[in-house]
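This is what each chain is made of:
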Amino acid sequence: MKKVYAMYFSATGTTEKVVLNIAEAAAKALGAELCRIDFTLPGTRREIYSFGETDIVIFGTPVYAGRVPNVLIKFIGTVRGSGALAVPVVLYGNRNYDDALIELRNLLINDGFKTVAAAAFIGEHSFSYTLVAGRPDTEDLKKAESFGKKIAELIKSGSFKTPVYVKGQNPLRPYYVPKDRKGEPVDIRKVVSKVNGDCNGCGICAEVCPMGSIEPKNVKEYRGICIKCGACIKKCPKKARYYDSESYLYHKEELELGFPEYKEVEIFV
């Protein structure tokens, strides 16, 4: 392998940490060049990315409602694997990754990649500051580094099997739908973040929005959809953005109360 690519969507930085640690360890062990492709911002997803047989791509996305974020599907379909090796990696906020990993693996296979390993990591939930706060933690990143070394060993020995086995179902299950205490679906798709009086109009929220949906000249206005990724909330230096939707806050609380346990990283080789 000549190049190891860390390629990821990471609105709040958690997927980025995991993918970079894996890729750095693999590149070092292989004596290969480390390259980075961050496709979080909308402009980066207008590019066409192509790879070849001497490349390996550590490809990471977060998990939204148990699946690969649907806003990324079209972009991922434009990536050209052309026989390159790939490692699908998903990061979820401690509920479940459901079919996200098998979905990402299949998307990469359809792009022409050979999938040789895979992993599901845990990261602080995009809705919360308390749900698995601080993850990926030191132990997670150690596991990411060890995983990167293992990938290098598999490639050097040629002992990998492709496509890699991962957990999940085919056909894919529907997106996870939260329910209220009456068992009725909770729909937060149209919910958007609000701005309080601490906002100084710096525009950072508009700069970091993966959908380019916040109006830079008036950050109280939206010009596109909100995917509840947490970027504008967690990257605001004034902590001036928030959600006040009862449905959103109910779902957030249910997640925080329902999934407090320390879940382990899952590795597939």
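The structure reproduced in this document is the subject of the present report. (Residues numbered from 1 in each chain as written. Predicted model: local features only at pLDDT ≥ 70, side-chain atom pairs only at ≥ 80, totals over all residues. Heavy atoms only, no water.)

You can see Ala65 is positioned in the loop between strand E3 (55-62) and helix H2 (73-76). By relative accessible area, which is 32% here, Ala65 ends up partly exposed. Along the chain, Ala65 and Tyr176 lie 111 residues apart, while their C-alpha atoms are 4.6 Å from each other. When near neighbours in sequence (up to four residues on either side) are disregarded, Ala65 contacts Arg95, Tyr175 and Tyr176. (Helix = DSSP H or I, 4+ residues; strand = E, 2+ residues; numbered from the N terminus. Buried < 20%, exposed > 50% of the residue type's maximum accessible area, 1.4 Å probe, protein only. Contact = heavy atoms within 4.5 Å.)

Applying the stated rule across the entire model yields ten aromatic pairs. Aromatic pair Tyr92 and Tyr97: ring centres 5.5 Å apart, planes at 55 degrees, arrangement tilted. Both residues of the pair, Tyr92 and Tyr97, count as buried. The rings of Phe9, Phe39, Tyr49, Phe59 and Phe75 are connected pair by pair, giving a single aromatic cluster. (Phe/Tyr/Trp six-rings, centres within 6.5 Å; stacked < 30°, edge-to-face > 60°.)

Ranked by internal contacts, the top residues of the largest apolar core, which has 58 residues, are Met7, Phe51, Phe59, Ile76, Val90, Tyr97 and Phe113. Top element by residues in this core is helix H3 (residues 100-110). It accounts for six residues. Counting 28 residues, the second largest nonpolar core, distinct from the first, contains Ile22, Ala32, Val89 and Val116. (Core = buried A, V, L, I, M, F, W, Y, C linked by side-chain atoms within 4.5 Å.)

This part takes up helix H7 (residues 246-258). Between its first and last C-alpha atoms H7 spans 18 Å; for 13 residues at 1.5 Å apiece the expected length is 18 Å, and the two agree. Of the positions making up H7, those classed as buried are Tyr248, Tyr250, His251 and Leu255. Here the buried residues of H7 occupy an arc of 165 degrees about the axis, which is enough to place them on one side. Projecting away from the buried face of H7 at angles above 90 degrees are the exposed residues Glu246 and Leu257. (Expected span 1.5 Å × (residues − 1). Arc of directions from axis to C-beta.)

Topologically, Pro237 is positioned in the loop between helix H6 (231-234) and strand E8 (241-242). Residue class for Pro237 comes out exposed when judged on its relative accessible area of 54%. Ignoring anything within four residues of it in the chain, the contact list for Pro237 reads Cys202 and Ile204.

What follows is about the packing of helix H1 (residues 14-30) against helix H4 (residues 138-157). Close contact between H1 and H4 brings their axes to 7 Å; oriented N to C, the two are set at 40 degrees. With respect to each other, H1 and H4 are oriented oblique. Read as a crossing pair, H1 and H4 show a hand that is right-handed. Mapping the contact onto sequence places Lys17, Val18, Asn21, Ile22, Ala25, Ala26, Ala29 and Leu30 in H1 and Leu141, Ala144, Glu145, Phe147, Gly148, Lys149, Ile151, Ala152, Ile155 and Lys156 in H4. When its residues are assigned to classes, the contact of H1 with H4 shows twelve nonpolar, two polar and four charged. (Axes fitted to C-alpha atoms, helices over the stretch in contact; angles between N-to-C directions. Parallel < 35°, antiparallel > 145°, perpendicular 65-115°, else oblique. Left-handed = near helix turned anticlockwise from the far one by under 90°. Nonpolar A, V, L, I, M, F, W, Y, C, P; charged D, E, K, R; others polar.)

Within this structure, the stated rule accounts for 15 salt bridges. A salt bridge links Asp98 to Arg95; the nearest nitrogen and oxygen atoms lie 2.6 Å apart. Take Asp98 and Arg95: they sit in the same class, and that class is buried. Residues Glu139 and Lys142 are paired through a salt bridge, measuring 3.5 Å at the closest nitrogen-oxygen approach. Taken together, the positions of Glu139 and Lys142, both in helix H4 and three residues apart, correspond to about one turn of that helix. (Salt bridge = Lys/Arg side-chain N within 4 Å of Asp/Glu carboxyl O.)

Right, let's get into the side chain of Glu103. The residue Glu103 is located in helix H3 in this model. Classification of Glu103 by relative accessible area gives buried; the value is 6%. Those residues in contact with Glu103 that sit more than four places away from it in its chain are Arg67, Val68, Ile73 and Leu172.

The element strand E1 (residues 3-8) is extensively covered by neighbouring structure, given that five of its six residues are classed as buried. In the sheet, E1 pairs with strand E2 (residues 33-38) via six bridges, with the strands oriented parallel. When the bridges of E2 are listed, Met7 appears paired with Ile37. A crossover connection joins E1 to the parallel E2 through H1; in handedness this β-α-β unit is right-handed. The sheet contact formed by E1 and E3 spans six bridges and is parallel. Note that in E3 the partner of Tyr8 across the bridge is Gly60. (Pairing = 2+ DSSP bridges. Right-handed = clockwise from strand over helix to strand, strands pointing away.)

Any functional reading would require information that these geometric values do not contain.
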